[in-house]
2 protein chains.
Amino acid sequence: MNPQFILKGSVVYSTDKDHIKSIEQGYVVCDKGICRGVFQQIPEQYRDFPLLDFGNQLILPGMTDLHVHAPQYTYRGLGMDLELLQWLSTYTFPEEARYQDMSYAKEAYSYFTQDLKRSYTTRAVIFGTIHNEATIELMDQLEATGLVTYVGRVNMDRNGGENYEEASWEASLQDTKEWLQAVKNRYQNTKPILTPRFIPTCSDSLMKGLGELMQEKGLRLQSHLSENLDEIAWVRELVPASDCYANAYEIFGTLGNKEFPVVMAHCVYSDEREMEILKRYGVFVAHCPSSNVNVCSGLAPVKKQLEYGLRVGIGTDVAGGSSINMLAAMLTAIQVSKMYNRVIDRECPPLTFEEVFYLATLGGGAYFGKVGSFQEGYEFDALVIDDSKIKSTRSLTPRERAERMVYMNEECMITKKYVRGVEI
Amino acid sequence: MNPQFILKGSVVYSTDKDHIKSIEQGYVVCDKGICRGVFQQIPEQYRDFPLLDFGNQLILPGMTDLHVHAPQYTYRGLGMDLELLQWLSTYTFPEEARYQDMSYAKEAYSYFTQDLKRSYTTRAVIFGTIHNEATIELMDQLEATGLVTYVGRVNMDRNGGENYEEASWEASLQDTKEWLQAVKNRYQNTKPILTPRFIPTCSDSLMKGLGELMQEKGLRLQSHLSENLDEIAWVRELVPASDCYANAYEIFGTLGNKEFPVVMAHCVYSDEREMEILKRYGVFVAHCPSSNVNVCSGLAPVKKQLEYGLRVGIGTDVAGGSSINMLAAMLTAIQVSKMYNRVIDRECPPLTFEEVFYLATLGGGAYFGKVGSFQEGYEFDALVIDDSKIKSTRSLTPRERAERMVYMNEECMITKKYVRGVEI
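The present account deals with the structure reproduced in this document. (Residues numbered from 1 in each chain as written. Chains lettered and ligands numbered in written order. Predicted model: local features only at pLDDT ≥ 70, side-chain atom pairs only at ≥ 80, totals over all residues. Heavy atoms only, no water.)

**Here we look at the overall build of chain A**
Selection rule: Numbering of helices and strands starts at the N terminus; helices are DSSP runs of H or I of at least 4 residues and strands are runs of E of at least 2. Classification of residues uses two cut-offs on accessible area relative to the type maximum, computed with a 1.4 Å probe and protein chains only: under 20% is buried, over 50% is exposed, and between them is partly exposed. Surface accessibility follows the Shrake-Rupley procedure with a 1.4 Å probe radius. Residue values consider only the protein chains on display as shielding. Asp and Glu count as negative and Lys and Arg as positive, but His and the ends of the chain are not part of the count. By convention, the point assigned to a charge is CZ for Arg, NZ for Lys, CD for Glu and CG for Asp.
The number of helices and strands found in chain A is 13 helices and 17 strands. Projected onto its principal axes, the C-alpha coordinates of chain A cover approximately 60 × 50 × 40 Å. Here chain A holds 424 residues, and the buried ones make up 67% of them. Accessible area for chain A stands at about 14400 Å²; split by element, carbon and sulfur atoms hold 46% of it. Charge centroids of chain A, computed over 43 positive and 56 negative side chains, lie 6 Å from each other.

**Some details on the packing of helix α3 (residues 132–145) of chain B against helix α4 (residues 169–183) of chain B**
Residues and elements named next belong to chain B. Just so we agree on the cut-off: Interaxial angle, 0 to 180 degrees, is taken between N-to-C directions of lines fitted to C-alpha atoms, where a helix line uses only the stretch in contact. Should an angle fall under 35 degrees it is called roughly parallel, over 145 degrees roughly antiparallel, and 65 to 115 degrees roughly perpendicular, with every other angle called oblique. Each helix crossing is assigned a hand: it is left-handed if the near helix lies turned anticlockwise from the far helix by less than a right angle, otherwise right-handed if that turn is clockwise. Whether two residues are in contact is decided by their heavy atoms: any pair within 4.5 Å suffices. Note that Gly is not counted as nonpolar here; it falls among the polar residues with everything else outside the nonpolar set of Ala, Val, Leu, Ile, Met, Phe, Trp, Tyr, Cys and Pro and the charged set of Asp, Glu, Lys and Arg.
Two numbers describe how α3 lies on α4: the axes approach to 10 Å, and their chain directions differ by 30°. The orientation of α3 with respect to α4, classified from their angle, is roughly parallel. As α3 packs across α4, the resulting crossing turns out to be right-handed. Here α3 contributes N132, T135, I136 and M139 to the contact with α4, which in turn contributes D175, E178, W179, A182 and V183. A breakdown of the residues in the contact of α3 with α4 according to their chemical character gives 5 nonpolar, 2 polar and 2 charged.

**Looking at the environment of Q40(B)**
All names here are of chain B. Heads up, the rule is: Whenever two N or O atoms come within 3.5 Å, that pair is a polar contact, provided that in protein one can donate a hydrogen and the other can accept it, and provided that, for residues adjacent in sequence, both atoms are side-chain atoms.
Its place among the elements puts Q40 in the loop between β3 (34–39) and β4 (51–61). On a C-alpha basis, the gap between Q40 and E423 in space is 23 Å, while along the polypeptide they are 383 residues apart. Q40 has contacts with I23, E24, Q25 and Y27, leaving out every residue within four places of it along the chain. At 3.2 Å, the side chain of Q40 and the backbone oxygen of E24 are in polar contact.

**Here's the deal with the nonpolar core**
Stated precisely, the cut-off is as follows: Residues belong to a common nonpolar core when they are buried Ala, Val, Leu, Ile, Met, Phe, Trp, Tyr or Cys residues joined through side-chain atoms within 4.5 Å.
With 246 residues, the main nonpolar core has F112(A), I126(A), F112(B) and I126(B) as its most contacted residues. If we skip the residues at most four places from it in the chain, I126(A) touches V68(A), A70(A), F112(A), L116(A), L138(A), L142(A), T149(A), Y150(A), V151(A), G152(A) and Q222(A).

**Comments concerning the sheet that holds strand β4 (residues 51–61) of chain A**
All names here are of chain A. Selection criterion: The pairing criterion for strands is at least two bridges between them, as found by DSSP.
Read from one edge of the open sheet, 7 strands run β3-β2-β1-β4-β15-β16-β17, paired in mixed fashion. Either end of the sheet is taken by a strand with one partner, and the two such strands are β3 (34–39) and β17 (422–423). The sheet contact formed by strand β1 (residues 4–16) and β4 spans 5 bridges and is parallel. Residue pairing for β4: L7 is matched across the bridge by L52. In this fold helix α12 (residues 353–365) packs onto β1, β2 (19–31) and β4, with an angle of close to 125° to the strand it touches most, β1. Relative to β4, helix α13 (residues 398–407) is tilted by about 60°, and along the sheet it contacts β1, β2, β4 and β15 (382–386).

**Remarks on helix α5 (residues 204–217) of chain A**
All names here are of chain A. Using the following cut-off: For a helix, the expected span equals 1.5 Å multiplied by the residue count minus one.
Under the 1.5 Å per step criterion, the end-to-end length of α5 is 20 Å for 14 residues, consistent within 8% with the ideal 20 Å. Turning to α5, its buried residues are L206, M207, G209, L210, G211, L213 and M214. On its buried face, α5 is in contact with β8 (154–155), α4 (169–183), β10 (195–196) and α7 (245–251). Taken from the residues just after α5, G218 is the one with a positive phi, measuring 60°.

Here it is in structure tokens:
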């Protein structure tokens, strides 16, 4: 474990949202799980490290999926004919209810965790279901993959329909505490995160209770924010004291702080007032472009969020998003930003490739600390990618090849994957 | 050649734009290149045909790519940072000019034709360059693949920049005639099609000459229509007598007729007046959603075009579109129609899966005659697809698996491909 080694290949990584380093025949040094930088020659002090030469293959930082629903993996790519609230009650809640059955949960989660292991993702922030036992099963399976994740047991004490609602806010809190107790010190790479689904399914008392629990135990929290216009109108009715959806979370004390940051998925309709709140609390926005298109939510102003200085990453949001493939999500992010520019605001330019590469690696990776880059001192998450099926008459830079890979991900293949310096 | 055989598997095909047949363990009968239908039991008269049993694999009709630029394949997935007119002069015209060099053309076209051979496409309508020799090379290579295609040598006598313009309209017409003579009776599966790039690059005299040539020789024609707002404004200046872009083509006599139909790519901004013209001439609209997003053209009203009764198929439009993968184009078509519904016209519903499957198979296939379905009497173009990498806890119908395949194409693999009954 924690080995020392060097990878050689065509290296591409972000240093910030506007800059990508692109290095032919670069040496990426891993020392006890930490990256020591990328070099054109092996520095003297690392001469004894074993060298793995990947020739012309691409070497990229691992990617962070900032928002994904593990139990929805079973119906990915199906049932994409409804908008959010109808989609939840028709497809989502009945499916999630099935995870009470542990034999179903074991099988379904094995497909999710095995596919996530072989994907571009090295870190993820994950929703489970309202079931303690199934969520522990999911965490056990994730721990076995070697991926690094936050996993949430979902809270919902209202509006879940007949079969997918907790008995009361007290029961929801009590079960959550039992789950936290059960997973305490159980894992190296898998951490619990509080997970109220969203305000429509969580009573005021439950939200307040989770806010207090968060504070008391120094926990992180994830939820959904301003995804769909009907949802936003509903939240306004449910929390009349709030002046915007983010303010409703703020009222309940569930926005965390910069040290224990919250992830809010979507933020499609977050205006200036909402962005101000998100910035103040250091909230991470999980931009979920595929989902926003599939369930017809809208075009999120992610370029504006970046320029405002928000912390932003990308979520695949399976099963609103149909695939856990981060490259597909990156492409949709670019495309959604172009449509935003074309039909909503001609003054707001599309995302650059630099920005979308940053979002998938360093932007989302920051939720886990120094993650998502090959700069000195970053945790060593790396992907080795064979793109040789994409023939070209041109001699391309590593950065150009990374761009092309996003547009033609079906032609690429992951040949090696490392998380914290460990091959998985 | 022209064999008789039966494929067994999970069969999915369109009968019209609103209906998909989905048959478990179906038998698809091929008799001398023609489909005899899909059966649950092998009919008596076909009992002697050899049976190829593909178990649980999917069997779909081949797909038609109604608009793709072969010479642009070299820079697919690159240079997606400009809008149409700047994109053409910066990336496209300099690249296409290189096909004057036959050693370049041979190599570049070999990547395109070999990849097209192993793609979901069995039929395609293709742009070449302004060069006779390179276009003949492309046609030779396509003929060798077994695919069925129309291929155009491009006409442009203005606005191509320094290195990519023909000397005069007379020279353009003369060279076109020589190319037609050279390819006459040369192929079984590859046909020439007249290809004025679009009005901004073709003088009135050239357009009129092509209109006459079309009429005289009973040829088909392909071009671009109403893709981008700047382009449309430019055409209005260039052809002041026209009352819309389609009317400009009409004035030059280049809209063909129902027997020799024209393909017009894009039609993003075609209004009622333009749709009326397209319908009257029986023009095929090549809907190119990936391209329309990538070069920021806009969201095409394809649902309205279908409901108006236009003939519509899908084009990948490489390199405006980044991939020749028709499944990726189908997904983008669904997504674009959802964004059209969300941000442009809430009264216009998104495309259904039935409609997008139809567009990729039967809708575009109709350009080639009875193509794109497994109904009795259709030419036998078929794909056998292994989707077993997509694990599921559910028992899915063949139609559900076809839908899921579109959302997760990178997990699928073509195992067999037939064109006109011949395995390629």
